[in-house]
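For reference, the chains in residue letters:
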Amino acid sequence: MELLVRARQVPVETIDLHCIKASGVELLVRRDDLVDEQLSGNKFYKLFYNIECAEQLGYRQILSFGGAYSNHLYSLAAAGKRLGFATVGVVRGERPVILSPTLLDAERWGMRLVFVGRADYRELTQTSASLAVLLSRLRHELGGFYCIPEGGANLAGAQGMQVLGRALDEQLQGKFDSVCLACGTGTGLAGVAAALGGTKSVLGFSVLKGSSGVDAGIGSEVARLTEQLVTTNTGQADNWRLISGFHGGGYGKRLPPYLQRFWQTFEQETGLQLDPVYTLKMFWGITRLAQQGYWPKGSRVVAIHSGGLQGRRGFTAPNGS
Ligand SMILES: *Cc1c(COP(=O)(O)O)cnc(C)c1O
């Protein structure tokens, strides 16, 4: 309940982008980058019910996984400091001599960092047996903990994002045609799609370089989650689409010059800041689709600004910030 109250307070604004004017599409942005000062954007929603669940089960410690610039670990660490529970971050890669700004903050906020070499980390994500071995070793060392998958990619995470979808629907009284969001694991896409039933189209712009196998994995995950979220009487949520082709070279990769230029132009024209890993690629995709006439003239398209602005620190962001 409290989450819906918070979600309703997030502003939805119109933005003016020169490059889509001619398409006749009205572009709105839901400012979930403003939902919380540190628990940025969609991670706020994906952590909400996970933290509630951990509390109900009596855990005083939460563990999760991520890379050196992970918005998810950053948000979890911030939540732990604020709400008074211990946090453990299992980080992909060996501990570097100099920590990323993200991990420095996380450690400063009390997160215990456990580094796992890339090959072993891949193994963890692929075979449940090696994950079980690591978790039982860590339970032995650190005591019991509630475990959240990388990126907050579970049913509780999707339920949080479902609340975002509901809030948006109420705020605009259903008067919009399409919702766009940046997609990593697809948890957010599943939640928002389930909230909006079959009437609105929900587009997830994948930031992963689609070897189609990986994309197929996300697609089936979204299908699995929406199926669990949508109750039988509202029917099947088949209102979502995964859009690939706007990943700009892949997850967390150095940006190609055209994206670097778009980033600059977008921020100058709108006064909004974007993160380079997710929202930049979504807005790039939206402008391309609009220019190609993907939406009929007069369509109202809402983009979810899912936050993650701390991730600007790993890149050369516009205005040297
Ligand atoms: C994690 C993240 C996403 C991806 O969300 P998924 O639910 O994993 O698809 C999108 N945008 C931002 C800013 C994020 O931090």
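As a reminder, the structure under discussion sits directly above these lines.
Definitions and cut-offs
Residues numbered from 1 in each chain as written. Predicted model: local features only at pLDDT ≥ 70, side-chain atom pairs only at ≥ 80, totals over all residues. Heavy atoms only, no water. Near = heavy atom within 4 Å. Polar contact = N/O pair within 3.5 Å; in protein donor to acceptor, adjacent residues only side chain to side chain. Areas by Shrake-Rupley, 256 points an atom, 1.4 Å probe, with all protein chains shown as cover. Helix = DSSP H or I, 4+ residues; strand = E, 2+ residues; numbered from the N terminus. Core = buried A, V, L, I, M, F, W, Y, C linked by side-chain atoms within 4.5 Å. Buried < 20%, exposed > 50% of the residue type's maximum accessible area, 1.4 Å probe, protein only. Domains from an automatic or database assignment. Contact = heavy atoms within 4.5 Å. Pairing = 2+ DSSP bridges.

Draft legend 1. Representation of the site of the ligand. As a structural note, the neighbourhood of the ligand is formed by 15 residues, with Lys43, Lys46, Asn71, Thr185 and Ser306 the closest of them. With respect to the ligand, the side chain of Asn42 contributes an N or O atom lying 2.9 Å from an oxygen atom. Within the side chain of Asn71, one N or O atom sits 2.7 Å away from an oxygen atom of the ligand. Isolated, the ligand exposes 390 Å² of accessible area, and the fraction of that covered by the protein chains is 98%. Only α2 (41-56), β7 (178-183) and α8 (187-195) provide two or more residues apiece to the shell around the ligand.

Draft legend 2. Looking closely at the nonpolar core. Counting 58 residues, the largest nonpolar core has Tyr45, Ile62, Val179, Val192 and Val202 as the members making the most contacts within it. Lining this core are residues from two domains, each supplying at least three of them: domain 1 (3-38 + 154-314) and domain 2 (60-144). For Ile62, the residues in contact, after removing those within four places along its chain, are Ile51, Ala54, Leu76, Phe85, Ala86, Thr87, Val88, Phe145, Tyr146 and Ile148. If you look at the next biggest cluster of nonpolar residues, it comprises 33 residues, including Leu255, Phe266, Leu274 and Met282.

Draft legend 3. Fine view of the side chain of Asp33. Position of Asp33 relative to the elements: it lies in the loop between β2 (26-30) and α2. A relative accessible area of 13% places Asp33 in the buried class. Of note is the side chain of Asp33, whose polar atom sits 2.9 Å from the side chain of Arg31. Beyond its immediate chain neighbours, meaning those up to four positions away, Asp33 contacts His305, Gly307 and Leu309.

Draft legend 4. The sheet that holds strand β6 (residues 146-147), seen in detail. The strand order across the open sheet formed by four strands is β5-β4-β3-β6, and the pairing between neighbours is parallel. Bordering the open sheet on either side are β5 (112-116) and β6, each of which pairs with just one other strand. Direction of pairing for strand β3 (residues 61-66) relative to strand β4 (residues 86-92): parallel, over a ladder of six bridges. Across the sheet, Ile62 pairs through a bridge with Thr87, a residue of β4.

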